[in-house]
Amino acid sequence: METRTVIQQEQASQMSHSMQVSSQKKKKTFKSSDEDVSYSDFYPIIPADVLSVKELLNLDNIHSTWDVLRETLATRKQHHRQKWTLFGNEAEKVEIDVIRNQRLLRTRVDKLALRQQAERKASMHIKYLQRLSQKVPDFPIPLRAHTVWEGMTVKLCCVVQGCPPPEVTWYKDGVLLTSSNQPWNFSRRQRFGLNLLEIRWCSPSDGGEYKAVAKSRLGEATTFATVVVNSYQGAAAGAQSWQTPAPQDQGEEALFGSCFPPTWVKEGKVLHLECVFTAPLLPYQQDVSWFRDGEQLLQSDTVDVHTEGDRTALTLNAAHKEHEGVYTVKLKTFDSLLEHSAFVYIQDASAAVVGGPASPLAVQVLDVNRDYVFLTWQPPSADGESPVDGYYVERCDLSQGQWVRCNTQIQKTCQYPVFGLEEGTWYQFRVCAVNKAGTGRPSMGSQPVFTQDPLEHTRTMGNTFDTDMKREMWKCQIRVPLPPTNVHACEVSNTYVVLSWTEPEPRGREPLSFYVERVSLYIFFLYLVLPDVPSPPSAIALLLCTGSEMVLGWRAPQSRGGAPILGYYLDQREDEQVTWREVNVKSVKERQFKVCSLSSGHWYRFRVFAANMAGVGKPSEASDAFLCEKWTMPEPGCPFDLQVKEVRNDSLVLLWKTPLYEGQSAICGYILEMCQDDESEEWRTVNDQDVSDTRYKVSGLQAGQTYRFRVSAVNKAGVGRASLPTEPVTAETKPGTKDIEIGVDDDGFIFLGYEADKVIEQDDVVWNKNYTEPIDPERAQSETTKNKSVLTFTEASEDDLGLYTIEAGDNSDLSSSYDFTAEDLERLKELSWQVRNPLIALKSGWNVEVSDKGDVRLWLQTESLSKDAELCLILNDKEISSTTVRASYFSETVALANAKRHDYKRKSGPYFKEYLSWSINEDFELVIKCQVTNTNKDSCLSWFKDDRKLTQVVYDGSTGVSTLTLSQISKDVSGSYRAVVTDKRGEDVSTLQLLGGEYDKLLQQLSRQCALSAGPLNVDSTAEGFRLYCSLKNNLGQIKTSWYFREKKIDQEVRRNAESSAEMVWINIFNPTDNDKGKYTLEMFDGLETHRRHLDLSGQVFADALLQHQTLKQSAIAEKNRAKVSRGLPDVVAIREGKSLCLTCFIEGEPAPQISWLRNDKEVVDPVQFTITKEAKRSTITINNVSLQDSGKYSIFVRNTYGCETASVTVSVYRHGEKPPANAVEMGF
């Protein structure tokens, strides 16, 4: 056993050695013929653990196992060989693609290099040409000296040459003339090298030496001339020029290197911007300019511009919101001007108090005077936790350097006049915003201003004007009037003196008032007084509440301050708060206002300011606390705007306005109440029956007693809340009070006259009919002179009857009324006729003379008669003739006999049974017709218009009726029409003058038929709102249309506009709300009658229309925002094989659409063959190196949330030498 074990170990070691030798020999791949072939090449060495025991004992049969192993190895080698073959094929394909791409890339690089080389050569050639054409500035035609008289116009002209074109600046006595230097006096123009300086209305101060300087980078030229105004001094002129050497061979030109990017800086911090150049700046590049939003920044206390070496820097010591914008730095080069720009954002600094507002913006000083300035500014960019309530203004005396607050109460508007300044002092101003949290950061200080009177040199008493133009120009500069002149006493007595004076010239733009002062020796001085601010309004009342909105009304100020009220401002605050908040920024002229955006269930208080040309007055007292809650009570609201007129000892007239809230039913009347004394609350009813009108005359008052009045509205549900009481009124007829008188003037016109006890102005007098209706200027005209005002009727008739009232300013004492009745009209018409037709006195009575032939002659003698006098002879109460000189019954008889003789002769041949006449048929055609009779076969009927024969006439021989039908009625149909019927027996003529008044009748009839053809009033919904329309026929624009809403005329406004066409009249209501519910009426006036159509736009009709409008609006929004292809793709594109095709489409849609390109309805994904770019509004697909296989249908598909769209183009690829399709657009590069 041990021997066997040893033998086995030796055999195993030998087998292992054989395997190692076999492994080493397998590593040789190739053998030469000289090498020995080992036995293992034919019979592999098999490890012992592979062979079986039987095979080990029988070595003769071992070849079978070796054969199997050899076949296995051969199969494995074949498999490896095939894998290497496949790998080689793939590698060959990759190599071919790499080579092709290398060639394409090399071709493109070569083309790009050639293009850049060509551009470089072209640029060098252009620079060479520019250097050849460079020329130093020169004046071939210099300035010429001028000597002119004062008031004339002089023009200084010169011609400048140079390349590059030089910049020309003008100087006067060495001082630069800018656009702000007296623009009304100086005018500069430059065109095609001709430079012109025009000096208008020359004065002696305009004389001096004028110089024009032309500068460029190559040098500078100067020309000068002397202008003498009304002087005998000599005039000189000349020209100078010098050259700056061209910047050649001075080193590398500096360009922009690293520049400042978009920058963010916090308000109040230092802003530093810097640019580094590629090389140090050359001498001609040292002038580096900095700009903000196009305005150059110059060195100052707050701006530091530093340029040195190869860099330039801009530093702002303290950044403010006004400094935000686009900053630009400009660098000059030899042939151009380089720019770099970036936006600088200024972030709001931390608030001065938590929740406080930011600093106001753009503080400007608009008007500087001796002791005051006028400031304006813009609101801050952020209000903080609550809206801005107002502003504080601060000033700083630059000599002291301390900021002082100017106003103790916050200023509501963004403007403020600062008074109490010292003359001849430099000031600077800034503004702080205030809200509920406190006072915010101050704004940037304004530009320093110097307080002085800018118009002192113009306020003289001895100015003379050579021309009207100069006088008007001088007037426009005056604001404060000059003193009155020619003050003298025109009447002197022991106790009084009557003064007279002349108004100042110029007088300024404001109304004038005069004050008279008396000093010793009775020397009088006149002073002009400007109007004062109005007194506070009063009686703030709540007129309507919808839950989020309140409508307020108030009483006008007792005093207007001597000037008309321009508007009102409102403040509001919640009941538990203290700070007032501004309601309206823009003033309102009416004494009622709707306050919006209120919180339901909250209590609010309000106050009102009145404003006139002098400024804003003091606020009214705070109103009662009003609860913001929607009104649903059945009773009506309170009337408002109570006014007391025509106060007398025993009566007065009370006016009011209808409540805005009617309740659950219409208002059927009003109840008036009054109480005596100022503080009494014992109210008693004045009227026994409800008053249906909004005015009432209260009678039976006690003279000298004080009264207060209030009014309540009544509907079916009961009596509503009472209005606020009026101010206490004393029943007293003021001394000098007079009533309106009626009469006839010297020209026979009926008039109403009112005479006051003092002078009244024309602008203060208001005539009304029934207290509120204005007077129609076509029916009556008013005229006021001194203390008397007259209303004269043009032609008084029954339409003028009614109650007429007059008011003079805001003084209720200067008011009166007169009821113009039918009895007055009849009486005054008779008186007017007598004035216009006075009776003529007779010198003798009737005289009777009998002639020898038996003729009887009646005659009488009157006073001298004019040519306009008429003589009427009456026989048995019947007028027998009327002539200007004499009357004769025989002449009438002769005329009648001649007429009958002519008619008999006319009817002996063909004649007109019916003369020419016109009518309009149902199709709105003009039909001109006539009828002839007594005709035969030889009779001929011809029509003419303005002597031009008409051929479109229809004639019926059996009836004799002839018609001319004109389908289009326009201005061309007007003219003179003539019809002539003639034969051997005679002729007859009929004419129709369709001109003037007859043509107007035609248009009126056409308008009437157009109005009668109008259909009912309907409503259509559109995407913008509602359209109320009425269909009609043949509307030529002659018919006048008016639209009414709730019986009130609709004027053209932003939300409603009326339009018309030939077939329809309509009105558009944009963005309809519940406030648009109600009755709409269309009135059509044809010149004589008014035709109406009505539509009740409420209830289900309104709901259906509103629903359809909202649907259409959503559809319109979807269509507007839908993804779509706006333009870019033609129908067919042709391109030659081997070129590149670029297709570009422009896209629209919001939100931005998703974009996909398709080829033959399959999405394009190959990034090598196709290059796709997608931008916000545009997409481009590029097909590189097109081939015939690239022909087909290409489409772009865009889609967003609102929809999608596809645009397609057919691409046709043709070979070289072939012709593209005829209908294709040839493209390719």
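As a starting point, this report considers the structure included with it. (Residues numbered from 1 in each chain as written. Predicted model: local features only at pLDDT ≥ 70, side-chain atom pairs only at ≥ 80, totals over all residues. Heavy atoms only, no water.)

**Structural notes on the overall build of the chain**
When you go through the chain residue by residue, the secondary structure sums to 9 helices and 84 strands. Scored against the burial criterion, the 1229 residues of the chain give a buried share of 36%. A fraction of 60% describes how many contacts in the chain between residues 6 or more apart in sequence connect residues 24 or more apart. (Helix = DSSP H or I, 4+ residues; strand = E, 2+ residues; numbered from the N terminus. Buried < 20%, exposed > 50% of the residue type's maximum accessible area, 1.4 Å probe, protein only. Contact = heavy atoms within 4.5 Å.)

**Digging into empty space enclosed by the protein**
To find the voids left in a structure, one rolls a probe of water-molecule size over its atoms. One pass over the structure, following the stated rule, counts 2 cavities of 30 Å³ or more. In this model, the largest cavity occupies a volume close to 140 Å³. Counting residues per element, the ones that place at least two in the lining of the largest cavity are strand 31 (538–545), strand 32 (550–555) and strand 39 (640–645). Split by residue class, the lining of the largest cavity holds 8 nonpolar, 2 polar and 3 charged. (1 Å grid on protein atoms, 1.4 Å probe; cavity = no way out; pocket = protein on both sides within 12 Å on 5 of 7 lines; lining within 4 Å. Points joined across faces, edges and corners; volume = space filled by probe spheres on them. Nonpolar A, V, L, I, M, F, W, Y, C, P; charged D, E, K, R; others polar.)

**What about the packing of aromatic side chains?**
Aromatic ring pairs: the centre-centre distance and the angle between the two ring planes describe each pair. For the structure shown, the criterion picks out 19 aromatic pairs. Between Phe 793 and Tyr 804, the aromatic rings sit 5.5 Å apart at their centres with planes inclined by 85°, giving edge-to-face as the arrangement. Taken as a pair, Phe 793 in strand 52 (residues 788–793) and Tyr 804 in strand 53 (residues 802–808) lie far apart in primary sequence, 11 residues in all. The class for Tyr 804 is buried, based on a relative accessible area of 3%. Joined through ring pairs, the aromatic side chains of Trp 264, Phe 343 and Tyr 345 make up one cluster. One Lys or Arg, Lys 330, reaches over the ring of Phe 291 and ends 4.3 Å from the middle of that ring. Above the face of the Trp 631 ring, Arg 721 is positioned so that its terminal group lies 4.5 Å from the ring centre. (Phe/Tyr/Trp six-rings, centres within 6.5 Å; stacked < 30°, edge-to-face > 60°. Lys NZ or Arg CZ within 6 Å of the ring centre and 35° of its normal.)

**As for the pairing of strand 51 (residues 780–785)**
Relative to strand 52, strand 51 is paired through 6 bridges, and the arrangement is antiparallel. The partner of Glu 783 across the bridge, within strand 52, is Val 790. Hairpin connection, strand 51 to strand 52: the antiparallel pair is bridged by 2 residues, and Lys 786 has positive phi, about 55°. (Pairing = 2+ DSSP bridges.)

**A short note on the nonpolar core**
The biggest cluster of nonpolar side chains holds 48 residues, and the ones touching the most others in it are Leu 926, Ile 928, Tyr 977 and Leu 1028. The dominant element in this core, judged by the number of residues it contributes, is helix 8 (residues 996–1012), at 6 residues. (Core = buried A, V, L, I, M, F, W, Y, C linked by side-chain atoms within 4.5 Å.)

**Side note on the pattern of salt bridges**
Per the counting criterion, the structure on display carries 38 salt bridges. Close ionic contact of Glu 549 with Lys 594 constitutes a salt bridge, the shortest N to O distance being 3.8 Å. Of this pair, Glu 549 sits in the loop between strand 31 and strand 32 while Lys 594 sits in strand 35 (residues 592–595), and the two are 45 residues apart along the sequence. Arg 555 is the salt-bridge partner of Glu 727, the closest N and O atoms lying 2.7 Å from each other. Of the two residues, Glu 727 is situated in the loop between strand 45 (718–722) and strand 46 (729–730) and Arg 555 in strand 32; the sequence distance between them amounts to 172 residues. One salt-bridge network, in which partners are shared between bridges, spans Glu 274, Asp 310 and Arg 311. (Salt bridge = Lys/Arg side-chain N within 4 Å of Asp/Glu carboxyl O.)

**Quick look at the state of the cysteines**
Evaluated as defined, the whole model comprises 0 disulfides. Here Cys 259 stays free of any disulfide, with the sulfur of Cys 275 as its closest cysteine sulfur at 3.6 Å. Since its relative accessible area comes to 23%, Cys 259 is described here as partly exposed. (Disulfide = S-S within 2.5 Å.)

**Looking at the sheet that holds strand 52**
Taken together, the 4 strands give an open sheet; going across it, the order is 47-48-52-51, and neighbouring strands pair in antiparallel fashion. Taken across any chain shown, the strands that pair with only one partner, and hence form the sheet edges, are strand 47 (741–744) and strand 51. This sheet shows a mean twist of 25° between the axes of neighbouring strands, independent of strand direction. Note that strand 48 (residues 750–755) and strand 52 share 5 bridges and pair antiparallel. Looking at strand 52, one finds that Leu 752 is bridged to Leu 791. (Axes fitted to C-alpha atoms, helices over the stretch in contact; angles between N-to-C directions.)

**Here's the deal with the pairing of strand 31**
Judged from the 5 bridges that link them, strand 31 and strand 32 form a sheet pairing that is antiparallel. Pairing of Leu 544 across the sheet is with Val 551, part of strand 32. Turn length for the strand 31-strand 32 hairpin, with the two strands adjacent in sequence and antiparallel, is 4 residues, and the turn residue Gly 547 shows positive phi of about 105°.

**Brief notes about the environment of Leu 331**
Within the element layout of this structure, Leu 331 appears in strand 17 (residues 325–332). The class for Leu 331 is buried, based on a relative accessible area of 0%. On a C-alpha basis, the gap between Leu 331 and Asp 287 in space is 7.6 Å, while along the polypeptide they are 44 residues apart. Beyond its immediate sequence surroundings of up to four residues, Leu 331 is in contact with Ala 254, Leu 255, Phe 256, Phe 277, Leu 281, Gln 285, Val 288, Ser 336, Leu 337 and Leu 338.

**What to know about the sheet that holds strand 40 (residues 651–657)**
Spatially, the 3 strands line up as an open sheet ordered 39-40-43, and their pairing is antiparallel. Both edges of this open sheet fall to strand 39 and strand 43 (695–699), since each of them pairs with a single strand only. Within this sheet the neighbouring strands show an average axis-to-axis angle of 20°, counted without direction. Pairing analysis gives 5 bridges linking strand 40 to strand 43, with the strands arranged antiparallel.

**Digging into helix 6 (residues 822–836)**
With 15 residues, helix 6 should reach 21 Å at 1.5 Å per residue; the first-to-last C-alpha distance of 21 Å fits that figure. Of all the positions in helix 6, only Asp 824, Leu 825, Leu 828 and Ser 832 are classed as buried. The buried residues of helix 6 occupy an angular sector of 90° when the element is viewed end-on, so they sit on one face. The outward face of helix 6, more than 90 degrees from its buried face, is lined by the exposed residues Glu 823, Glu 826 and Trp 833. (Expected span 1.5 Å × (residues − 1). Arc of directions from axis to C-beta.)

**Thoughts on the environment of Leu 964**
Inspection of the secondary structure puts Leu 964 in strand 64 (residues 961–966). A C-alpha to C-alpha distance of 6.4 Å links Leu 964 and Val 954, two positions 10 residues apart in sequence. Apart from the residues lying within four places of it in its own chain, the contact partners of Leu 964 are Leu 926, Val 927, Ile 928, Trp 943, Leu 950, Gln 952, Val 953 and Tyr 977.

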